[in-house]
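# Examining the three-dimensional arrangement
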Amino acid sequence: MKDVGIDAVEIETGKLRLDLAETFAPAKGEAPEKYTKGLGLYASSFPDVYEDIVTMGANAAKRLMERRGLTPADIGRIDVATESAFDNSKPVSTYIAGCLEQTFEGDFHHANKGERKFACVAGTQAIDDAYNWIRAGRNRGRSALVVATDTALYARGDPGEATQGAGAVAMLVSEDPDLVELSTEQGYGSADETDFLKPNQQFPSVDGKRSVQVYLARMREALVDYESVAGDVHPDDFVYAPFHTPFPGMVRKAALLAYRHVTRDTEVEEELAAEIGRQPRPEAFDDEEQYFDAVAEYTDALKETDRYADWYDRVIDPTLDISRHVGNWYTGSVHVARAAALKRAHEEGRDVTGETLLVASYGSGAQAEIHAERVQHDWEAEIESMGENVDAQLEDRYELSYEEYETVHDAHNHDKETDFEEFTAPEGEFTFDGWGRMGERKYSYVE
Ligand code: HMG
């Protein structure tokens, strides 16, 4: 059977930065710690006036293709995952292909193009589609370009406003990949939920508190389903566990519950028993409420143990290195988490070749998916230049005042007819430059 997985990755962040503690918190009359400690977020990325899901996706894809010396002939499909699309018919992948054709020799007429939708889990679903296409032997030696791109904006005043972000992740899915090979085994947790949706509207309708509960419930189902096919998971089986990261505080909650789940009936539970007791079992309680209280008490105690804190610092914290500075990128978020973890491994000089990642994706509405990935021999060469590039992009972002943030939010609001000045000057990138005769968006490459 062919090894198939992610061969290359590039990240493009929106070029504007909003500091949550210094700028957003005072304007909202909130304590800065609500963002830095509670949500675990320091800043959000926003697109400048000439940036959008197409430019960010195309810029990431161009860099990836150039770095890997690819031409359009090497790419057999372009799949875009987004929940920020502006057209119900023409997919964003056609716009991205159109951009790339402005700068590469040849064209993508031979490439199958589409758009994947299931909230944030769509990025992982698009990778799945590419994986299946290659495994089925339909790729004729070509790779798939998967682009997860979003402008995750909420209505002003919505509690989700603090978790906004904008950026794209371009990934090359190939046979014999350089970065990670994907497991055949997958687990799903999927249910018809009404917690976060955009019924033909730009900004989401969100039941924030409920969305957190739905995230945890579907992740749990996916983990149980994954174990049913791959066998029991042990926390020391994997080097990192990248989760979908709407904000790092969400991952903190999910990781703790996952750790409790996977350590039940293991030597870890036994070793911790002297310190915090064994995990409560339902049969020991007369009613459900008492049982749930006992579980909550055990979970609080587990969080405070050195064993858990050490595991969290090693396996989870590195996955949040980028997201805490950019916010939620919806479809790209779990792929940013993977990239961040491998970037940390490179920076710390750790050789993670052959190690396993447990990747947990999630989309509202709602569906979680869990699979494993094995880190490949050439991971470090692949991650090194991506990492340097991300650091430079994050560093170079324009720092917004609160008033400027409001302007940017308005500039990207589809219901507002506005003509705003840009904050940064484009250089060596694709830009949005207005509408065509049929209402299509037009793009050009600026040298
Ligand atoms: P909120 O109600 O403004 O915040 O919104 P809060 O009052 O719950 O506070 C947040 C945390 O900060 C809490 O921590 C507070 O205790 C803490 P927790 O108790 O939960 O651990 N806090 C402080 N900590 C230290 N010092 C302080 C302080 N003050 C408060 N002074 C909410 C939070 C998540 C609801 C909001 O941001 C929201 O609606 N976000 C959008 C929805 C979302 O991100 N949901 C996540 C799960 S769903 C998902 O991931 C899918 C999604 O990506 C979309 C898709 O799939 O397409 C969103």
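Residues numbered from 1 in each chain as written. Predicted model: local features only at pLDDT ≥ 70, side-chain atom pairs only at ≥ 80, totals over all residues. Heavy atoms only, no water.

Relative to each other, helix 11 (residues 333-347) and helix 12 (residues 379-396) sit at 105 degrees, their axes nearing to 9 Å. The pairing of helix 11 with helix 12 is recorded here as roughly perpendicular in orientation. On helix 12, the residues that touch Ala339, Leu342, Lys343, Ala345, His346 and Glu347 of helix 11 are Trp379, Glu380, Ile383, Glu384, Met386, Gly387 and Asp391. Its residues placed into classes, the contact of helix 11 with helix 12 shows six nonpolar, two polar and five charged. (Axes fitted to C-alpha atoms, helices over the stretch in contact; angles between N-to-C directions. Helix = DSSP H or I, 4+ residues; strand = E, 2+ residues; numbered from the N terminus. Parallel < 35°, antiparallel > 145°, perpendicular 65-115°, else oblique. Contact = heavy atoms within 4.5 Å. Nonpolar A, V, L, I, M, F, W, Y, C, P; charged D, E, K, R; others polar.)

All right, on to the nonpolar core then. Counting 55 residues, the largest nonpolar core has Tyr215, Phe243, Trp311 and Ile316 as the members making the most contacts within it. Excluding its chain neighbours within four sequence positions, the residues that come into contact with tryptophan 311 are Pro235, Asp236, Phe238, Ala255, Tyr259 and Ile316. Core analysis: the next-biggest nonpolar cluster, separate from the first, contains 41 residues, Ala81, Ala122, Trp133 and Val173 among them. (Core = buried A, V, L, I, M, F, W, Y, C linked by side-chain atoms within 4.5 Å. Buried < 20%, exposed > 50% of the residue type's maximum accessible area, 1.4 Å probe, protein only.)

Right, let's get into the packing of aromatic side chains. On inspection of all chains with the given rule, the structure shows 21 aromatic pairs. Look at tyrosine 154 and tyrosine 330: their rings are 6.4 Å apart centre to centre, the planes differ by 65 degrees, and that puts the pair in the edge-to-face class. One end of the pair, tyrosine 154, is in the loop between strand 6 (143-152) and strand 7 (165-175); the other, tyrosine 330, is in the loop between helix 10 (306-316) and helix 11, and 176 residues separate them in sequence. In this structure tyrosine 330 comes out as buried when scored by relative accessible area, which is 1%. Taking the centre distance of 5.1 Å and the plane angle of 65 degrees together, the rings of phenylalanine 430 and tyrosine 445 count as edge-to-face. (Phe/Tyr/Trp six-rings, centres within 6.5 Å; stacked < 30°, edge-to-face > 60°.)

Here we take up the site of the ligand. Around the ligand, a shell composed of 29 residues is seen, among which Lys34, Glu83, Cys120, Lys209 and Lys253 lie nearest. For the ligand, an oxygen atom lies 2.7 Å from a polar atom in the side chain of lysine 34. Between the ligand and glutamate 83, the relevant distance is 2.5 Å, taken from an oxygen atom to a side-chain nitrogen or oxygen of the residue. Here the ligand, which alone exposes 1,100 Å², has 73% of that area covered by the protein. Where the shell around the ligand is concerned, the elements lending two or more residues are helix 2 (32-39), helix 6 (208-230), helix 7 (248-263) and strand 11 (356-363). Looking at the shell around the ligand residue by residue, the class counts come to 14 nonpolar, nine polar and six charged. (Near = heavy atom within 4 Å. Polar contact = N/O pair within 3.5 Å; in protein donor to acceptor, adjacent residues only side chain to side chain. Areas by Shrake-Rupley, 256 points an atom, 1.4 Å probe, with all protein chains shown as cover.)

Okay, the pattern of salt bridges next. Applying the stated criterion across every chain, the model contains 36 salt bridges. Across the pair glutamate 10 and arginine 63 runs a salt bridge, and its minimum N-O distance is 3.2 Å. With a gap of 53 residues between them, glutamate 10 in strand 1 (residues 4-13) and arginine 63 in helix 3 (residues 53-67) connect regions that are remote in the sequence. The buried category is assigned to glutamate 10, whose relative accessible area is 2%. Here aspartate 129 makes a salt bridge to arginine 116, at a shortest N to O gap of 2.8 Å. Taken together, the residues span a long stretch of sequence, with aspartate 129 in helix 5 (residues 122-135) and arginine 116 in strand 5 (residues 112-116) at a distance of 13 residues. (Salt bridge = Lys/Arg side-chain N within 4 Å of Asp/Glu carboxyl O.)

Next up on the list: the sheet that holds strand 7. Strand order in the open sheet formed by eight strands is 5-4-6-7-1-8-12-11, with mixed pairing between adjacent strands. Looking at which strands have only one partner, the edges of the open sheet turn out to be strand 5 and strand 11. Averaged over all pairs of adjacent strands, the angle between strand axes in this sheet comes to 25 degrees, irrespective of strand direction. Relative to strand 7, strand 6 runs antiparallel, the two being bridged by nine bridges. (Pairing = 2+ DSSP bridges.)

On to helix 8 (residues 267-276). Of all the residues in helix 8, the buried ones are Val268, Glu269, Leu272 and Ile276. The buried residues of helix 8 occupy an angular sector of 85 degrees when projected down its axis, which confines them to one face. Residues of helix 8 that are buried sit in contact with helix 7, helix 9 (288-303) and helix 10. Among the residues trailing helix 8, glycine 277 stands out with phi positive, at a value near 85 degrees. (Arc of directions from axis to C-beta.)

Attention now goes to the sheet that holds strand 2 (residues 16-19). Taken in spatial order, the three strands make up an open sheet running 3-2-13, and their pairing is mixed. Edge positions in the sheet fall to strand 3 (43-46) and strand 13 (398-399), since each has one partner strand and no second. In this structure, strand 2 lies alongside strand 13, joined through two bridges in parallel fashion. Opposite leucine 16, over in strand 13, you have tyrosine 398 as the bridge partner.

By secondary structure assignment, the location of alanine 368 is in strand 12 (residues 367-375). The exposure class of alanine 368 is buried, given its relative accessible area of 0%. If we skip the residues at most four places from it in the chain, alanine 368 touches Gly187, Tyr188, Gly189, Arg218, Met219, Ala222, Ser361 and Tyr362.

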